[in-house]
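Examination of the molecular architecture
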Amino acid sequence: MASGGSGRTATAGTAALLSLVFLLLQVSAGAGAGADCHFPAVFNFGDSNSDTGGLSAAFGAAPPPNGRTFFGMPAGRYCDGRLVIDFIAENLGIPYLSAYLNSVGSNFSQGANFATAGSTISRQNTSLFLSGFSPISLDVQSWEFEQFINRSQFVYNNKGGIYRELLPKAEYFSQALYTFDIGQNDITAGYFANMTTEQVVAFIPELMERLTSIIQNVHGFGGRNFWIHSTGPIGCLPYALIRRPDIAAVKDKVGCSVTYNKVAQLFNQRLKETVARLRKTYPDAAFTYVDVYAAKYKLISQASKLGFDDPLLTCCGHDAGPYNFDPKVGCGGKVLVKGKWVVLGKSCDDPGRRVSWDGVHFTEAANKFVFNQIVGGGLSDPPMPLRQACRSKGQ
């Protein structure tokens, strides 16, 4: 029948057209598959694990010998050298991130760092001097970010000149990579306030709600590419082991607290679930969960095999107890002896062989190991390399 032949012809034509469209989509996808995202900037939020000078600018500089390995002087980092965020910047070909709070010599043209040592996801109802935890919680960091967007773009557009070399272009805010590394201090703050494990665990859902709210705000300001770190094995950090010996009583074969680490793992499981929900809620954005815990525990549990000394032995500290860690005399700490200040918190001879820098933070060598473990995407969900994290939503 004529009508049947016409239908077959139309069907064949439609099929051919669909095949052509599908082929073009394949070609397009192939052209983008595996390609780097070319992030023009990085905006970081977090605590001391990624603080490049925020706390130093606000509450007094980190003293020497911090910075001795790479910078040759204190550089706002609680480390002998570079942090994971510094290696991220290097890998992406952008300058080390200036701390938002640092008013001298800062360059924000390719990003800014809002992380501050001692920061938490939740707000702390105490002071830095009483508890050791920063008042610059994650929500404060998000307010700083909002202020940074508004002020930087006003100055960029209205003042011009040198500011156009020091501030980011407007389009960078939607093209940038947004990194988060925070949560460790929320767990320790709970324990250090004498909470039970049950109380600390019960607080985790609220932390996830707060984190979600902050990330939603960043998304509202144009953020589309998120690289979110899990917290590390807190039970392997000397300061945590010493501060709550009851929680640290039961240890694994490495010498880490089983309880501390179980809570950290539970936090990370909830974080991973939170990132997965964000991925579904915002299909226009890319969310990558990065299992930093696995990278750090591998280093600690295989330290000798990887060329490191005792992973629980602090490099920069005061000879006290089994960890070379004295909570009263930190790295670079001084005491007054016969009218003269004497440095007690000294560095070990070779920080490159230590995992722990000061009992709280990792050495540059340890940070580099962790970065090398996560940069390729093998510990990420989805398993996307750092440079392709704009496609972590499965594109």
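Preceding block: the structure.
Residues numbered from 1 in each chain as written. Predicted model: local features only at pLDDT ≥ 70, side-chain atom pairs only at ≥ 80, totals over all residues. Heavy atoms only, no water.

A word on the state of the cysteines
Rule in force here: Put simply, a disulfide is two cysteine sulfurs that come within 2.5 Å. Per the convention used, a helix needs a DSSP run of H or I reaching at least four residues, while a strand needs a run of E reaching at least two, with both numbered from the N terminus. Accessible area is worked out with a 1.4 Å probe on protein chains only. A residue is then buried under 20% of its type maximum, exposed over 50%, and partly exposed in between.
Under the definition given, this model contains four disulfides. Paired through a disulfide, cysteine 316 and cysteine 331 show a sulfur-sulfur distance of 2.1 Å. Between cysteine 316 and cysteine 331 the disulfide shows an S-S torsion of about 85°. By sign, it is right-handed. Remark: cysteine 331 occurs in the loop between helix H13 (292-301) and strand E6 (334-337) and cysteine 316 occurs in the loop between H13 and E6; sequence separation between them is 15 residues. The thiol of cysteine 79 is not disulfide-bonded; the next cysteine sulfur, from cysteine 331, is found 9.6 Å away. The buried category is assigned to cysteine 79, whose relative accessible area is 0%.

Digging into the nonpolar core
Worth spelling out the cut-off: In this text, buried Ala, Val, Leu, Ile, Met, Phe, Trp, Tyr and Cys residues form a nonpolar core when linked through side-chain atoms within 4.5 Å. Contact definition: two residues touch when any of their heavy atoms are within 4.5 Å.
Counting residues in each nonpolar core, the largest one holds 94 residues, and the members touching the most others are Phe43, Phe45, Phe145, Tyr178, Phe180, Phe226 and Phe287. For phenylalanine 226, the contacting residues outside a window of four places in its chain are Tyr178, Phe180, Ile215, Val218, His219, Ala285, Ala286, Phe287 and Thr288.

What about the pattern of salt bridges?
Going by this rule: Salt bridge criterion: a side-chain nitrogen from Lys or Arg within 4 Å of a carboxyl oxygen from Asp or Glu.
Applying the stated criterion across every chain, the model contains 11 salt bridges. Between aspartate 309 and arginine 354 there is a salt bridge, and its shortest N-O distance comes to 3.6 Å. Of this pair, aspartate 309 sits in the loop between H13 and E6 while arginine 354 sits in the loop between strand E7 (340-343) and helix H14 (364-374), and the two are 45 residues apart along the sequence. Three or more residues joined by partner-sharing salt bridges are found here, namely Arg82, Glu90 and Glu364.

Looking at the packing of aromatic side chains
Heads up, the rule is: Here the aromatic set is Phe, Tyr and Trp, taking the six-membered ring for Trp, and pairing holds for ring centres within 6.5 Å; pairs whose planes are under 30 degrees apart are stacked, those over 60 apart are edge-to-face, and all others are tilted.
Evaluation of the coordinates by the stated rule reveals 28 aromatic pairs. A ring pair is formed by phenylalanine 43 and tyrosine 178, whose centres lie 5.4 Å apart and whose planes are at 25°; its orientation type is stacked. Of this pair, phenylalanine 43 sits in strand E1 (residues 42-46) while tyrosine 178 is found in strand E3 (residues 177-181), placing the two residues 135 residues apart along the sequence. Per residue, the accessibility class of phenylalanine 43 equals that of tyrosine 178, and both read buried. Taking 5.8 Å as the distance between ring centres and 85° as the angle between the ring planes, the aromatic pair formed by phenylalanine 114 and phenylalanine 145 counts as edge-to-face. Separated by 31 residues along the polypeptide, phenylalanine 114 in the loop between strand E2 (111-113) and helix H4 (128-131) and phenylalanine 145 in helix H5 (residues 138-158) bring together distant segments of the chain. Look at phenylalanine 114 and you get buried, because its relative accessible area is 1%. With relative accessibility at 1%, the residue phenylalanine 145 sits in the buried group.

Remarks on the layout of surface pockets
Vacant regions in the atomic arrangement are exposed by a probe of water-molecule size rolled over the atoms. How we decide: Buriedness for pockets is judged along seven lines, at least five of which must meet protein on both sides within 12 Å for an open set on the 1 Å grid over protein atoms alone, while cavities are sets there where a 1.4 Å probe fits but cannot get out, and lining residues have an atom within 4 Å of a point. Grid points are joined across faces, edges and corners, and a volume is the space filled by probe spheres set on the points. Each residue gets one of three labels, nonpolar for Ala, Val, Leu, Ile, Met, Phe, Trp, Tyr, Cys and Pro, charged for Asp, Glu, Lys and Arg, and polar for the others, Gly among them.
Space inside the largest pocket adds up to approximately 1,200 Å³. Around the largest pocket, the lining comprises 37 residues; the ones closest to its centre are Tyr78, Gly132, Pro327, Val360 and His361. Among the secondary structure elements, those contributing two or more residues to the lining of the largest pocket are helix H2 (54-59), H4, helix H8 (184-192) and helix H11 (238-243). No other element matches the four residues that H4 contributes to the lining of the largest pocket. Taken together, the residues that form the lining of the largest pocket break down as 20 nonpolar, 12 polar and five charged. For the second largest pocket, the lining is made up of 16 residues, of which Phe108, Phe148, Ser152, Tyr163 and Leu167 are closest to its centre. Only H5 and helix H6 (163-166) provide two or more residues apiece to the lining of the second largest pocket.

Some remarks on empty space enclosed by the protein
Following the criterion strictly, the structure yields six cavities of 30 Å³ or more and no others. Lining the largest cavity are 14 residues, and of these Asn49, Val84, Asp181, Lys296 and Asn367 sit closest to its centre. Contributions of two or more residues to the lining of the largest cavity are made by H13 and H14. Along the lines of polarity and charge, the residues of the lining of the largest cavity split into seven nonpolar, five polar and two charged. Roughly 60 Å³ of internal volume is contained in the second largest cavity. Taken together, Asn49, Gln184, Gly232, Pro233, Ile234, Cys236, Leu237, Lys296, Ile300, Val360 and Phe362 make up the full set of residues lining the second largest cavity.

Some points on unusual backbone geometry
The omega angle of the peptide bond from proline 64 to proline 65 is 15°, so this bond is cis rather than trans. By secondary structure assignment, the location of proline 65 is in the loop between H2 and helix H3 (84-92). Cis geometry is found at the peptide bond from aspartate 381 to proline 382, where omega equals -5°. Positionally, proline 382 belongs in the segment after strand E8 (380-381).

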